[in-house]
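What follows is each chain in one-letter form.
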Amino acid sequence: MHVADVPYEADGRTMIGHLVFDDAQAGRRPAVLVSHEGPGLDQHCKDVAGKLASLGYAAFALDYIGGGAPLPMEQAGKILGALSADPRRLGEVARAGLDVLLAQDVVDQARVAAIGYCYGGVVSLELARTGADIKAVVGFHPGYLAPRPADSARIRCRVLMFSGTEDPFATAEQRQGFETEMREAGVADWRLELYSPSAP
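This report concerns the structure included in the present document. None of these values were measured; they are calculated from a predicted model.

Moving on, we come to the pairing of strand β5 (residues 107-117). Relative to β5, strand β3 (residues 29-35) runs parallel, the two sharing six bridges. By the bridge assignment, L33 is partnered in β5 with A114. For β5 and strand β6 (residues 136-140), the ladder comprises five bridges, and the chain directions are parallel. Counterpart to G116 in the pairing with β6 is G139. The β-α-β motif built from β5, the intervening helix α4 (residues 119-129) and the parallel element β6 has right-handed crossover chirality.

Next up, the structure:
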């Protein structure tokens with residue numbers, strides 16, 4: 001298994017992502033871009049990348065905080081606040097991670113998806129809003145920024161969000177805003193799956 005930390009520049013900061021793929025597997029393979037939770041790139045997302053690689057994917061866990069490691073939430077929160085205030089900037093940060101993944105010789109560029117956890121779900125959706133040529137974005141317990149139907153009209157891929165009904169970072173009002181936005185933007189294939197607190 002090929003495992004490497006990959007430094008790259010984005011948003012005026014040095015990011016350090018985590019690349020994993022099975023180097024015993026011949027040829028190009030589908031790929032997944034993984035976005036971490038708010039504090040920074042942690043072991044969870046590195047493990048997710050490893051699991052995806054074991055299933056035959058090339059996986060790159062990008063870094064949108066910087067330094068390739070989690071920060072105290074007080075510090076990370078300042079970065080997240082600045083990115084949330086400028087979603088197109090956030091989309092550019094996501095595109096930088098995608099560019100690293102697409103530059104790998106083992107990647108089939110026609111079969112790429114993006115997934116994200118918590119704020120990483122926001123990152124994945126902003127990547128889609130840039131018009132990135134990917135097949136799907138998936139958010140696990142994502143947050144939702146203010147609706148921007150004009151930007152979402154650029155989405156070219158399938159969209160799937162998984163939210164908890166009692167998630168304080170994904171309120172009923174925010175989820176409704178997402179639904180309305182997807183409809184107004186004419187996104188062809190989108191889904192929002194909801195889970196109650198007692199769901200298994």
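Attention shifts here to unusual backbone geometry. Here D11, not a glycine, exhibits a phi torsion of approximately 55°, which is positive. Secondary-structure assignment places D11 in the loop between β1 (2-10) and β2 (13-21). Even without a glycine there, the phi angle at H141 is positive, about 40°. As for its placement among the helices and strands, H141 is situated in the loop between β6 and α5 (149-152). Owing to a relative accessible area of 34%, H141 belongs among the partly exposed residues under this scheme.

As a further point, take the environment of G121. Mapped onto the fold, G121 is located in helix α4. Residue classification places G121 among the buried residues on the basis of a relative accessible area of 1%. Separated by 40 residues in the primary sequence, G121 and M161 have C-alpha atoms spaced 7.9 Å apart. Residue contacts for G121: discarding those within four places in its chain leaves G116, G139 and P142.

Here we come to the pattern of salt bridges. Inspection of every chain in the model, using the stated rule, returns 12 salt bridges. Between R88 and D151 there is a salt bridge; the shortest N-O distance is 2.8 Å. On the criterion of sequence distance, the pair formed by R88 in helix α3 (residues 87-102) and D151 in helix α5 is long-range, its members being 63 residues apart. For R148, the salt bridge identified is with E126, shortest N-O distance 2.7 Å. With R148 in the loop between β6 and α5 and E126 in helix α4, this pair connects stretches of sequence that are 22 residues apart. Assigned by exposure class, R148 and E126 land together as buried. Sharing partners across several salt bridges, the network here consists of R88, E126, R129, R148, D151, R154 and E181.

What counts, and where the lines are drawn
- Residues numbered from 1 in each chain as written.
- Predicted model: local features only at pLDDT ≥ 70, side-chain atom pairs only at ≥ 80, totals over all residues.
- Heavy atoms only, no water.
- Pairing = 2+ DSSP bridges.
- Helix = DSSP H or I, 4+ residues; strand = E, 2+ residues; numbered from the N terminus.
- Right-handed = clockwise from strand over helix to strand, strands pointing away.
- Buried < 20%, exposed > 50% of the residue type's maximum accessible area, 1.4 Å probe, protein only.
- Contact = heavy atoms within 4.5 Å.
- Salt bridge = Lys/Arg side-chain N within 4 Å of Asp/Glu carboxyl O.

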